[in-house]
Amino acid sequence: MINLIDKFRQKITGYTEDEQHRIIDAAIWAKNLHNDQKRASGEPYFVHPMHVAETLVYLRLDADAVIAGFLHDVMEDTETSFEAVESRFGYEVAKLVDGVTKISILKVKNKSIQEAETIRKMLFAMSEDIRVIIIKLADKLHNMNTLEYLSPQRRKAIATECLDIYAPLADRLGISWMKDELEDLALKALNPEAYQYIKEFLLAKRGERGDYLKKVEKAIYRAAGEEQVTDILVSTRAKHFYSIYLKMKRRKKKIDEIYDIHGVRILCNTTNECYTLLGVIHKLWPPIEGRFKDYIAMPKANQYQSLHTTVMSYNGKLLEIQIRTKSMHYTAEYGVAAHWAYKHTTGSGVRIPANQLPIINKLKNWDQQKGTSESFLDEIKEELLRDSIYVFTPKGHIVELPSEATAIDFAYHIHTEVGNHMIGAKADGSIISLGQPLKNTQTIDIMTSQNARPHINWLRLAKTARARQKIRYWLNKHDENLVIDKNIIAKGKPEQKNAVQKAAHEHQGPPEPKKDEIVTHVIDQAKVAFRIGDETNMMISIAQCCKPSRGDDIVGYISRGRGIIVHRKDCKNLINIKDIEHRSIEVEWETSSPKLTKRFQVTSKVVSDLFSEIEGAVRKYHGHLIEGKLEEAEHDRLVGSFTMEIDKNNDYKKVLKSIRTIPSVLNLIPL
């Protein structure tokens, strides 16, 4: 173990002597604290924090971050306290370690809530110090490299979380190589057959691909030299496995039918040279329409800059080419970590101002919002970690919004009063519907009137948490017959209110507390609410005897003091409830979308990627999977029920036909 520390010492020679001493002290202390602890692989636990620290050194983070990398698990896995870390290495290191420490399982109800709260805590710690998430990403990277020692179920859960949270976070922070590696490792765990298939194909074609790419390189060097741009570096590669896998799924093609799996990167010295080289490339090979992106003129939110173009190269093969300066490439590789890079001249890191990184400002806004851990994570995945679009105000200011955002989201992003008084919107001078998804680079103009007011239907059209929050607030404040909370819309109806109040008065003693309503398998909780007749009521809970889930036929029972309890219509306990005929009330599931809601049941072989295959079939026809629930059955079978939204009945038939073609699906029944 001492040999490991000695080898690590050789990697930190760029730090000052005092910093080297502190880092090695942290390494020895971490080794002693973890003592005889073992990982699932059987190797000493200390090997893990060593790898984390090595990644942080590679990212050139400052000494405090590297020390925190060594100690990131000591508060969780040993008896070490915050105060002990602080007294030995200072408050800043202790805060970093605390930021990546999991929430105690004793403080939460179950493991899923624990994990959600841990991520929530970590993200808010990140909003104060970006190094927290960089340390966590380094931790996740090594854990993903050692997944084979865990159970299949645990592997799948960790890999799914990696794809949902950590790989997108690495992308949003601009650390591209880490994002690619995390995605590839997740694919290896979730779909090892596809991973191996892609790997073997690329290995088999390596010689052929190498000759082709060398020819491309020579042509670029020669043409660039003719334009007097000589100090460039051309590199070629195959795209990473997960990127190729997504192309295969989206296009429904085999890998030998995917032609744009090769990438070329050109590094130069100045921005002017970037555009000169773009002209050189387009002279060599014809560009493909609609495949050019200028991230130099319009950088991504993570400060990524580059020119992207796809051309028709030799033998009719599509070739994606990236052109950027060497300094842009440094930012593309290290992302936000580049701003914390250790500076040899000053011995300190340079912190990036928070207002220059949109992800930080968004997290701070979320920190002020209340909500459950599950709803918080849903919003993070849907809004913060999904693809973005960039649109312009009429004055030319750039606004970043999540993909599929609408004019309503844009209006409330500009100002609350602009949203509250909106009567219409224009995109590039043409009037658009308020629910129409905005497109990249459009110029959006919001039309307002002092007499205009938010409408309840806007909640169905808004995609951002900010817009929905502002709409709920206005409606709750100005419409006394309306109460909206936690995705449930309650419209006041006197006879229903009286019925509930009467039931409450009949109840003897203090009312029973309302139980938390958690439907654990719902994918999109924002789509779920209750409707009572034509109206809604807030005092609603789900019966624990039959636990109705989204799409079940349901009936409401007005209880004494507990409001309305929702049962499945086939619940056996209904016949035992006194006065059920007089106290029953019609209820139905309410979807926050005007689309059709359809259900189906699937029986399949036991495979690891059935969920993703079904979700892909739904998305292919512009549908949205609201919920899914899979259970193991006899004879090595999986049985699952799914609920989805779709635009038209014809699309529903197409989705079912597509799902039936999935090799593992044995039977499909529309419900």
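Scoring rules and cut-offs
- Residues numbered from 1 in each chain as written.
- Predicted model: local features only at pLDDT ≥ 70, side-chain atom pairs only at ≥ 80, totals over all residues.
- Heavy atoms only, no water.
- Helix = DSSP H or I, 4+ residues; strand = E, 2+ residues; numbered from the N terminus.
- Buried < 20%, exposed > 50% of the residue type's maximum accessible area, 1.4 Å probe, protein only.
- Contact = heavy atoms within 4.5 Å.
- Areas by Shrake-Rupley, 256 points an atom, 1.4 Å probe, with all protein chains shown as cover.
- Pairing = 2+ DSSP bridges.
- Axes fitted to C-alpha atoms, helices over the stretch in contact; angles between N-to-C directions.
- Expected span 1.5 Å × (residues − 1).
- Bend = angle between axes of the 7 residues up to and from the residue.
- Core = buried A, V, L, I, M, F, W, Y, C linked by side-chain atoms within 4.5 Å.
- Phe/Tyr/Trp six-rings, centres within 6.5 Å; stacked < 30°, edge-to-face > 60°.
- Lys NZ or Arg CZ within 6 Å of the ring centre and 35° of its normal.
- Polar contact = N/O pair within 3.5 Å; in protein donor to acceptor, adjacent residues only side chain to side chain.
- Salt bridge = Lys/Arg side-chain N within 4 Å of Asp/Glu carboxyl O.
- pLDDT = per-residue confidence, 0-100.

1. Comments concerning the overall build of the chain
When its secondary structure is counted, the chain shows 26 helices and 22 strands. By the burial criterion, 49% of the 671 residues in the chain qualify as buried. In the chain, the share of contacts with a sequence separation of at least 24, taken over all contacts with a separation of at least 6, comes to 65%. Roughly 33400 Å² of accessible area belongs to the chain as shown, and the carbon and sulfur atoms make up 49% of that amount.

2. Focus on the sheet that holds strand E2 (residues 262-268)
Pairing is mixed in the open sheet, where five strands are placed in the order E1-E2-E5-E4-E3. Each edge of the open sheet carries a strand with a single partner, namely strand E1 (233-238) and strand E3 (293-294). Summarising the sheet, E2 and strand E5 (residues 318-325) pair through six bridges and their orientation is parallel. Along E5, the bridge assignment pairs cysteine 268 with threonine 325.

3. Section: the sheet that holds strand E9 (residues 430-432)
Spatial strand order, E9-E8-E10: three strands in an open sheet with antiparallel pairing. Each having just a single partner strand, E9 and strand E10 (444-448) make up the two edges of the open sheet. Strand-to-strand, the axes of this sheet are offset by a mean angle of 40°, without reference to chain direction. Summarising the sheet, strand E8 (residues 422-427) and E9 pair through three bridges and their orientation is antiparallel.

4. With respect to helix H10 (residues 152-172)
With 21 residues, H10 ought to run about 30 Å at 1.5 Å a step, and its terminal C-alpha atoms sit 29 Å apart, in line with that. The axis of H10 is deflected most strongly, by about 45°, at cysteine 162. Every buried residue belonging to H10 is among Ile158, Ala159, Glu161, Cys162, Leu163, Ile165, Tyr166, Ala167, Pro168, Leu169, Ala170 and Arg172, and all of these are buried. Of the residues trailing H10, glycine 174 is marked for its positive phi of about 85°.

5. Side note on the nonpolar core
The biggest cluster of nonpolar side chains holds 79 residues, and the ones touching the most others in it are Phe8, Phe70, Leu71 and Leu182. A per-element tally of this core places H10 first, with nine residues. Within the second largest apolar cluster, 26 residues are counted, among which are Ala425, Leu434, Trp458 and Ile471.

6. Focus: the packing of aromatic side chains
As enumerated under the stated definition, the model contains twelve aromatic pairs in all. Here the aromatic rings of phenylalanine 46 and phenylalanine 70 are separated by 6.1 Å at their centres, their planes lie at 10°, and the arrangement is stacked. With phenylalanine 46 in the loop between helix H2 (17-34) and helix H3 (47-58) and phenylalanine 70 in helix H4 (residues 63-71), this residue pair connects regions lying 24 residues apart in the sequence. You can call phenylalanine 46 buried: its relative accessible area is 3%. Centroid distance phenylalanine 82 to tyrosine 91: 6.0 Å. Interplanar angle 70°. Geometry classified as edge-to-face. Every member of this aromatic cluster is reached through a ring pair, and the members are Tyr58, Trp177, Tyr330 and Tyr334. It is lysine 215 that lies over the ring of tyrosine 314; its NZ or CZ is 4.2 Å from the centre. In this structure, lysine 300 packs its charged tip against the face of tyrosine 304, placed 5.1 Å from the ring centre.

7. Brief notes about the side chain of threonine 464
Within the secondary structure layout, threonine 464 lies in the loop between helix H21 (458-461) and helix H22 (465-478). Side-chain polar atoms of threonine 464 contact the side chain of aspartate 409, separated by 2.9 Å.

8. Focus on the pattern of salt bridges
Inspection of every chain in the model, using the stated rule, returns 17 salt bridges. Across the pair aspartate 64 and arginine 22 runs a salt bridge, and its minimum N-O distance is 3.2 Å. In this pair, aspartate 64 sits in helix H4 while arginine 22 sits in helix H2, placing the two residues 42 residues apart along the sequence. With a closest N to O distance of 3.6 Å, glutamate 183 and lysine 179 form a salt bridge. Of this pair, glutamate 183 and lysine 179 both sit in helix H11 (residues 176-190), separated by four residues, roughly a single helical turn. Exposure remark for glutamate 183: the relative accessible area of 11% places this residue in the buried category. Bridged by salt links that share partners, the residues Asp62, Glu92 and Arg131 form one connected network.

9. Things to note about the environment of glutamate 273
Inspection of the secondary structure puts glutamate 273 in helix H15 (residues 271-284). Put simply, glutamate 273 and alanine 224 are 49 residues apart on the chain and 9.7 Å apart in space, counted from C-alpha to C-alpha. What glutamate 273 contacts, discounting residues up to four positions off in sequence, is Val229 and Cys268.

10. With respect to the confidence of the model for the chain
Predicted confidence across the chain gives a mean pLDDT of 78, with 75% of residues reaching 70 or more. Put simply, helix H23 (residues 494-506) is where the chain has its lowest mean pLDDT, 43, and H15 is where it has its highest, 95. Note that pLDDT drops below 50 for residues 342-350; the model gives that stretch 19 contacts with residues more than four away or on any other chain.

11. Some remarks on the pairing of E5
Most of E5 sits out of view: eight of its eight residues are buried. Because side chains alternate across E5, one face comprises the buried residues Leu318, Glu320, Gln322 and Arg324, and the other comprises Leu319, Ile321, Ile323 and Thr325, equally buried. Bridge count between strand E4 (residues 307-312) and E5: six bridges; the pairing is antiparallel. Following the sheet pairing, threonine 310 is matched in E5 by glutamate 320. Counted along the chain from E4 to the antiparallel partner E5, the turn is five residues long, and its residue asparagine 315 has a positive phi close to 60°.

12. Examining unusual backbone geometry
In this model, arginine 60 sits at a positive phi of 65°, which is unusual for a non-glycine residue. Considering the arrangement of structural elements, one finds arginine 60 in the loop between H3 and H4. The class of arginine 60 is partly exposed, set by a relative accessible area of 41%. Even without a glycine there, the phi angle at asparagine 315 is positive, about 60°. In this fold, asparagine 315 is placed in the loop between E4 and E5. Here asparagine 315 falls in the exposed class, since its relative accessible area comes to 71%.

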